[in-house]
Amino acid sequence: MEFINKMEWRYATKLFDTTRKIPREDLELIKRSIQLAPSSYGLQLYKVIIIENQKLKEALKPISDNQNQITDCSHLFVFCNYTSVNDEYIDEYVLLKSKTQQIDIKQLETYGTYLKTKLSKKTQEQRTNWLKNQSYLALGNLLAACADLKIDACPMEGFDSEQYNRVLELEKG
């Protein structure tokens, strides 16, 4: 199967060729793969910041365990999950679902109520873990898309999320 062959090609890149950049059309395909990622209940409570600016990548490197991939990559994708789930997010999602699937909003009210009830029953720790897991699903799609396009990629942790929040000004909205 072609998919398996491409996934077998994939590996966590330790050294990037700094002279190579992701072509714009491939970048658009990668972005689309993130948009189409599966998620629990259809909620995608995360944002993805794509960083090309070298100075910004250099500012992030020290708070990323000084990992060279941060500064050597063509594009740095930073997945930022929401820190809470509120009724407004669910209402926005239900409205979007109504518009995109051309379903009367009244038909989705029960689903919206179900989501609100289901998520409100989770403890804060469960909600935090659930929110983090949604961004990992999207990361999986990004990695599969990169494998399909034969673009080197490296999923990473080992960074200070509070410092990332500060440098990227994520608390501002």
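That block above? That's the structure.
Residues numbered from 1 in each chain as written. Predicted model: local features only at pLDDT ≥ 70, side-chain atom pairs only at ≥ 80, totals over all residues. Heavy atoms only, no water.

Brief notes about the nonpolar core
Here is step 1 of the chain: Among the nonpolar cores identified, the biggest contains 15 residues, and I30, I34, F77, F79, A138, L142 and C146 are the most heavily contacted of them.
Here is step 2 of the chain: Listing elements by their share of this core, those giving two or more residues are α2 (24–35), β2 (76–81) and α7 (124–149).
Here is step 3 of the chain: Among residues more than four places away in sequence, those in contact with C146 are W9, I30, I151 and A153. (Core = buried A, V, L, I, M, F, W, Y, C linked by side-chain atoms within 4.5 Å. Buried < 20%, exposed > 50% of the residue type's maximum accessible area, 1.4 Å probe, protein only. Helix = DSSP H or I, 4+ residues; strand = E, 2+ residues; numbered from the N terminus. Contact = heavy atoms within 4.5 Å.)

Focus on the layout of surface pockets
Think of a ball as big as a water molecule: rolled over the atoms, this probe shows where empty space is left.
Here is step 1 of the chain: Roughly 710 Å³ of internal volume is contained in the second largest pocket.
Here is step 2 of the chain: Considering the residues around the second largest pocket, the lining is formed by 24 residues, among which I34, Q35, Q44, Y46 and L96 are closest to the centre.
Here is step 3 of the chain: Going through the elements one at a time, α2, β1 (46–51) and α5 (87–100) are the ones with two or more residues in the lining of the second largest pocket.
Here is step 4 of the chain: The element best represented in the lining of the second largest pocket is α5, accounting for six residues. (1 Å grid on protein atoms, 1.4 Å probe; cavity = no way out; pocket = protein on both sides within 12 Å on 5 of 7 lines; lining within 4 Å. Points joined across faces, edges and corners; volume = space filled by probe spheres on them.)

Thoughts on the packing of aromatic side chains
Here is step 1 of the chain: On inspection of all chains with the given rule, the structure shows six aromatic pairs.
Here is step 2 of the chain: With a centroid separation of 5.8 Å and an interplanar angle of 65°, the aromatic rings of W9 and Y11 are classed as edge-to-face.
Here is step 3 of the chain: Where F159 meets Y164, the ring centres are 5.0 Å apart and the plane angle is 45°; that geometry is what we call tilted.
Here is step 4 of the chain: F159 sits in the partly exposed class, given a relative accessible area of 39%. (Phe/Tyr/Trp six-rings, centres within 6.5 Å; stacked < 30°, edge-to-face > 60°.)

Focus: helix α6 (residues 105–120)
Here is step 1 of the chain: Between the first and last C-alpha of α6 there are 22 Å, a value that for 16 residues agrees with the 22 Å anticipated at 1.5 Å per step.
Here is step 2 of the chain: The set of residues buried in α6 consists of L108, G112, L115 and L119.
Here is step 3 of the chain: Where α6 is buried, its residues meet α5 and α7.
Here is step 4 of the chain: The opening residue of α6, the one whose side-chain oxygen lies 2.9 Å from the backbone nitrogen of K106, is D104. (Expected span 1.5 Å × (residues − 1). Polar contact = N/O pair within 3.5 Å; in protein donor to acceptor, adjacent residues only side chain to side chain.)

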